[in-house]
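Here are the chains, one letter per residue:
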Amino acid sequence: MGDYEQVVKDLRASYATGKTRSLQWRVAQLKAIIKLFEENESAIFEALFKDLHKNKAEAAIMETMLCVNDAVNAINNLNDWTKPEKVAKGAIYMMDNAYIMKEPLGVTLIIGAWNYPVQLTILPLIGAIAAGNCAVLKPSEMAEETARFLEEVVPKYLDNDCVRVINGGVKETTALLQVRFDHIFYTGNSVVGKIVMEAAAKYLTPVILELGGKSPVYVDKGTDLEIVARRLSWGKFCNAGQTCIAPDYVMCPKDIQEGLVEKVKSAIEEFYTKDPKSSDSYGRIINERHFQRLQRLKKGATAAYEGEDDEKERYIAPTVIPNVKLSDPIMQDEIFGPLMPIVPVTDHKEAIEIINGREKPLSLYVFTNNKSIGQEFRDRTSSGALLINDTVVHAGLTTLPFGGVGNSGIGSYHGKHSFNAFSHDKPVMEKSLALDQVNSMRYPPYTEKKLGWVKWLMAKKVKRQGFFSFMPFIAIGVIISMMFKIVGVGAETLEQKKNM
């Protein structure tokens, strides 16, 4: 712990110089991140393949390109993001200058995750740097090759006085959490999320927790099951199901379950062939512990589609399990693997009841052609995000915040939201020392007259709604019209006198 305290102490000394507040420094560091990806793309793909058997196309789309684009977006918009934001002012503050400025938080801790070990470590770092912070990066030790790569390469590109990488496991993470940071960003599960939050509470350190949970899917009658199955299977089985926003379980009316299962089977074979184990596009489970955990979830289930798993390779075949009950083991915790349980329901109303009876999910997916049903899910459920007629892709739109609610997380990021996540909204008011007599009404001794003036200046009124909200404008229009008429009549009279 002593070593880590010294690391943070050194970072605080660098932060105190003010160098990270400079836009030039921020842009230079963001450009260095882009250069890191450009010059090490092959090495990144190799590390991800060793850790997760991740295909380079999937790695590019869901790891490296997201990071590069986010860095480019930050560079292009940093001037606008850092501009003071003017605020509305009432009559009492009319002579004052009031605005909100974005202030960096200081020294931040970023704890990455193993399932997308590049994206989930570097994306928060981009936000931290864009906002002007120093950072300690803690990659997940479970993705060993990627963690080793980040530890070796990041110091070659970024300012070592302001960004440090610390590798290690539970012991090292526990020690880091005993040190005071100005902000902690954690991606992982809710069990560890609670540990992080408890450690942060000791110093009242703000946290962002990107967690997960069981993200449900509802498939409505009347949808094109072939399209649904392709989009559903892609979201479920990419990265071998190890995605925090992967569809966790599927609900559908019982009379379309069989048809959906058949279409999902076809989609799996189209994507990964009839032997997904031989496909370069299909991933592997991160380690032996998670392999065995998934085996326990499969035990006793009657699958409509599965294959032969391989413990040595950490390979679990895409598996579809129909007629699942809410009490089954597979429905108790987040699956985080290539197992697709299907829960038959009567209709969308029952699906909504099931969703509302559980912890709030990170994502909710609804496939329907009926807009009113989509609207019911939107208005009657709570989730980190809602996506209608697709899965996962909402996370790629960086103008949308990405984050959970309740048990699925605290706070959000991506794009400008990452910049905001690592910034403090600092209110600033600038007043003049002149004309202090204007302030006399707030100074003692208080009188009824002073109180009357204060009420008149500070009182707010509820805006009128509907037609009556336009009455002031109508009245002003009538007054202006009457003034023009008066001026016109006056001009006409004057002209007549000239002609007499």
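Looking up the protein in an unreviewed UniProt entry gives the name Aldehyde dehydrogenase, with the organism given as Lymnaea stagnalis. The UniProt entry for the protein carries this comment under Sequence similarities (unreviewed entry): "Belongs to the aldehyde dehydrogenase family."

Peer 1: Any chance you could explain the overall build of the protein here in plain terms?
Peer 2: Along its length, the protein carries 16 helices and 17 strands. Relative to the compact-globule value of 23 Å for 500 residues, the protein shows a C-alpha radius of gyration of 29 Å, a clear excess of over 25%. The principal-axis extent of the C-alpha atoms belonging to the protein is close to 110 × 60 × 50 Å. For the protein, the proportion of contacts with a sequence separation of at least 24, taken over those separated by at least 6, is 72%.

Peer 1: What is the right way to look at a nonpolar patch on the surface in this model?
Peer 2: Among the surface-exposed residues, Ile92, Tyr93, Met429 and Met458 lie close enough to one another that they form a single nonpolar patch of about 380 Å² accessible area. Looking at the secondary structure, you find Met429 in strand β17 (residues 423–430).

Peer 1: What is the right way to look at the side chain of Gln242 in this model?
Peer 2: With respect to the helices, strands and loops of the structure, Gln242 is situated in the loop between α9 (225–237) and β9 (249–253). Judged by its relative accessible area of 0%, Gln242 is buried. Among the polar contacts listed, one links the side chain of Gln242 to the backbone nitrogen of Ile286, at a separation of 3.1 Å. The contact partners of Gln242, leaving out residues within four places of it in the chain, are Leu52, Trp114, Asn115, Tyr116, Arg284, Ile285, Ile286 and Phe336.

Peer 1: Even after reading the chapter, I still don't get the pattern of salt bridges, so can you show me in this structure?
Peer 2: Any two side chains of opposite charge can pair, so long as their charged atoms come close to each other. Considering all chains together, one arrives at 23 salt bridges under this definition. In this structure, the salt-bridge partner of Arg148 is Glu145, at a minimum N-O distance of 3.0 Å. One end of the pair is Arg148 and the other is Glu145, both in helix α6 (residues 144–157) and 3 residues apart, which spans about a single turn. Take Arg148: its relative accessible area is 42%, and that puts it in the partly exposed class. Lys265 serves as the salt-bridge partner of Glu262, at 3.1 Å between the closest nitrogen and oxygen. Linking Glu262 with Lys265, this pair stays in helix α10 (residues 254–272), spanning 3 residues, or about one helical turn.

Peer 1: Could you clarify how one ought to interpret the UniProt feature "active site" (unreviewed entry) in the protein in this entry?
Peer 2: The positions that UniProt labels "active site" (unreviewed entry) are, in the present scheme, Glu210 and Cys244. Taking the farthest pair of C-alpha atoms as the criterion, the annotated set spanning 35 residues converges on one region, since that pair is 9.0 Å apart. Structurally, Glu210 is set in strand β7 (residues 207–210). Residue Glu210 is classed as buried on the basis of its relative accessible area, which comes to 2%.

Peer 1: Please explain the sheet that holds strand β2 (residues 97–104) as it appears in this structure.
Peer 2: Pairing between sheet strands relies on hydrogen bonds along the backbone, with the strands arranged either parallel or antiparallel. With antiparallel pairing, 3 strands are arranged side by side in an open sheet as β1-β2-β17. The sheet terminates laterally at β1 (85–86) and β17, the two strands that pair on one side only. Sheet topology note: the β2/β17 ladder contains 8 bridges and is antiparallel. Looking at the pairing, Ile100 lines up with Pro427 of β17.

Peer 1: Just checking my understanding: could you explain the domain arrangement of the protein for this structure?
Peer 2: Many descriptions give the size of an interface as the accessible area lost when the pieces come together. Each domain of the protein was delimited in the assignment, giving domain 1 (1–211 + 413–427) and domain 2 (216–403). Placing the centre of domain 1 and that of domain 2 at their C-alpha centroids yields a distance of 30 Å. Contacts between domain 1 and domain 2 engage 23 residues on the former and 28 residues on the latter. Summing both partners gives a buried area of about 2,000 Å² for domain 1 against domain 2, and 55% of it is carried by carbon and sulfur.

Peer 1: Please explain the pairing of strand β11 (residues 339–345) as it appears in this structure.
Peer 2: Two faces, one strand: in a regular strand the side chains alternate between the faces of the sheet. With 6 of 7 residues buried, β11 lies mostly within the body of the structure. Here β9 pairs with β11 via 4 bridges, running parallel. Bridge pairing in β11 links Met251 to Val343. With 3 bridges joining them, strand β10 (residues 319–321) and β11 adopt parallel strand pairing. Directly across from Thr319, in β11, lies its bridge partner Leu339.

Definitions and limits used
Residues numbered from 1 in each chain as written. Predicted model: local features only at pLDDT ≥ 70, side-chain atom pairs only at ≥ 80, totals over all residues. Heavy atoms only, no water. UniProt positions renumbered as here; feature names shortened; annotations may be inferred. Helix = DSSP H or I, 4+ residues; strand = E, 2+ residues; numbered from the N terminus. Rg over C-alpha atoms; globule rule 2.2 N^0.38 Å. Contact = heavy atoms within 4.5 Å. Patch = residues over 30% accessible without salt bridge, like charges linked within 9 Å, V, L, I, M, F, W, Y side chains within 5 Å. Areas by Shrake-Rupley, 256 points an atom, 1.4 Å probe, with all protein chains shown as cover. Salt bridge = Lys/Arg side-chain N within 4 Å of Asp/Glu carboxyl O. Buried < 20%, exposed > 50% of the residue type's maximum accessible area, 1.4 Å probe, protein only. Polar contact = N/O pair within 3.5 Å; in protein donor to acceptor, adjacent residues only side chain to side chain. Pairing = 2+ DSSP bridges. Domains from an automatic or database assignment. Buried area = accessible area lost by both parts, 1.4 Å probe.

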